[in-house]
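Residue-level listing of the chains:
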Amino acid sequence: MRPLRADARRNQARILEAADEVFAAHGPATSTEQIARRAEVAIGTVFRHFPTKAALVEAVFIDRLRRLTATAAELSAGPDPGAAFFTFVTRWAELSAVKHAFADALARDGVDVAGAAAAGEYVRVRAELTAAVGALLERAQGAGAVRADVGTAELDALLIGAARAVEHTAGHPGVRRRTLTIILDGLRPRDGDAVPGAPTP
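Since this is a predicted model, take the numbers as computed values, not measurements.

Student: Help me understand the packing of aromatic side chains, please; the structure alone is not making it clear to me.
Tutor: Geometry of an aromatic ring pair is reported as the spacing of the ring centres plus the angle between the planes. One pass over the structure, following the stated rule, counts three aromatic pairs. When the ring of Phe88 is compared with that of Trp92, the centres are 6.1 Å apart and the planes differ by 50 degrees; the resulting orientation is tilted. Of this pair, Phe88 and Trp92 both sit in helix α5 (residues 81–108), separated by four residues, roughly a single helical turn. You can call Phe88 buried: its relative accessible area is 0%. Looking at Trp92, the relative accessible area reads 5%, which means it is buried. Just above the ring of Phe86 sits the side chain of Arg188; from NZ or CZ to the centre is 3.9 Å.

Quick look at the structure:
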């Protein structure tokens with residue numbers, strides 16, 4: 001593909017930003033026309049960049065993953081590895097809950113969500129995010145802020161549960177906050193804690 005011209009790149013960025021805001025407020029089932037109005041571009045401009053609604057939903061989600069990866073890198077540079085790790089895990093749990101809504105919207109549009117997740121840009125971006133999370137986990141464990149018997153596989157499983165908890169407690173911020181606190185407390189070291197076997201890389 002040829003590189004986009006500067007004005008086309010600006011339009012694409014405006015569309016992605018508008019779509020992210022609209023999806024956050026009203027869900028990924030929101031009409032493309034509403035996104036075009038928010039971006040102040042013609043509907044034809046939206047479809048030139050994103051030929052289908054599913055392509056736009058996928059692009060917004062991948063853009064969120066990129067920004068989350070950048071956040072992980074920024075937090076890694078901070079002075080408190082433990083605080084950086086738990087801040088990031090909370091944000092990722094919340095994003096994972098959004099991911100489920102996006103996946104449902106794509107499935108309704110006939111997209112093979114599992115197939116899309118196994119190919120294309122998503123694979124590369126997800127790998128970068130996994131590496132960034134692994135670095136945060138390693139730093140936090142090195143500082144004694146996270147129990148040493150937790151690997152990335154265990155963390156992934158916990159994040160799936162945390163994301164479902166965020167979904168289940170939608171509309172009840174106090175309950176959601178306390179539930180996430182309970183989940184995160186399970187990652188903190190305590191005397192006598194040890195799960196069977198070695199942590200999974």
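Student: Can you help me understand empty space enclosed by the protein in this one?
Tutor: Empty space left among the atoms is revealed by rolling a probe the size of a water molecule over them. The tally for this structure, following the rule as stated, stands at one cavity of 30 Å³ or more. Considered as a void within the structure, the largest cavity measures approximately 30 Å³ in volume. Elements with a minimum of two residues in the lining of the largest cavity: α7 (121–142) and α8 (152–168). Ranked by the residues each element gives to the lining of the largest cavity, the list is headed by α8, at three residues. Each residue belonging to the lining of the largest cavity can be placed in one class, and the counts come to three nonpolar, two polar and one charged.

Student: Which parts of the structure should I look at to understand helix α1 (residues 6–26)?
Tutor: Three or four residues apart is the spacing at which side chains of an α-helix point the same way, because the helix has 3.6 residues per turn. Taking 1.5 Å of rise per residue, the 21 residues of α1 would be expected to cover 30 Å, and the 30 Å separating its terminal C-alpha atoms lies within 8% of that figure. Listing the buried residues of α1 in full gives Ala8, Ile15, Leu16, Ala18, Ala19, Asp20, Val22 and Phe23. Just past α1, the residue Gly27 takes up positive phi, approximately 90 degrees.

Student: I tried to follow the nonpolar core on my own but got confused; where do I start?
Tutor: Side chains of a nonpolar character, in soluble globular proteins, are inclined to be buried together. Core analysis: the biggest nonpolar cluster contains 48 residues, and Ile15, Ile35, Leu56, Phe85, Phe88, Trp92 and Leu155 have the highest contact counts within it. Of all the elements in the fold, those that place two or more residues in this core are α1, α2 (32–39), α4 (53–76), α5, α7, α8 and α9 (173–185). A total of ten residues in this core trace back to one element, the largest contributor, which is α4. Other than its neighbours up to four places away in sequence, Leu155 contacts Phe85, Val89, Val133, Val150 and Leu187.

Analysis parameters
Residues numbered from 1 in each chain as written. Predicted model: local features only at pLDDT ≥ 70, side-chain atom pairs only at ≥ 80, totals over all residues. Heavy atoms only, no water. Phe/Tyr/Trp six-rings, centres within 6.5 Å; stacked < 30°, edge-to-face > 60°. Helix = DSSP H or I, 4+ residues; strand = E, 2+ residues; numbered from the N terminus. Buried < 20%, exposed > 50% of the residue type's maximum accessible area, 1.4 Å probe, protein only. Lys NZ or Arg CZ within 6 Å of the ring centre and 35° of its normal. 1 Å grid on protein atoms, 1.4 Å probe; cavity = no way out; pocket = protein on both sides within 12 Å on 5 of 7 lines; lining within 4 Å. Points joined across faces, edges and corners; volume = space filled by probe spheres on them. Nonpolar A, V, L, I, M, F, W, Y, C, P; charged D, E, K, R; others polar. Expected span 1.5 Å × (residues − 1). Core = buried A, V, L, I, M, F, W, Y, C linked by side-chain atoms within 4.5 Å. Contact = heavy atoms within 4.5 Å.

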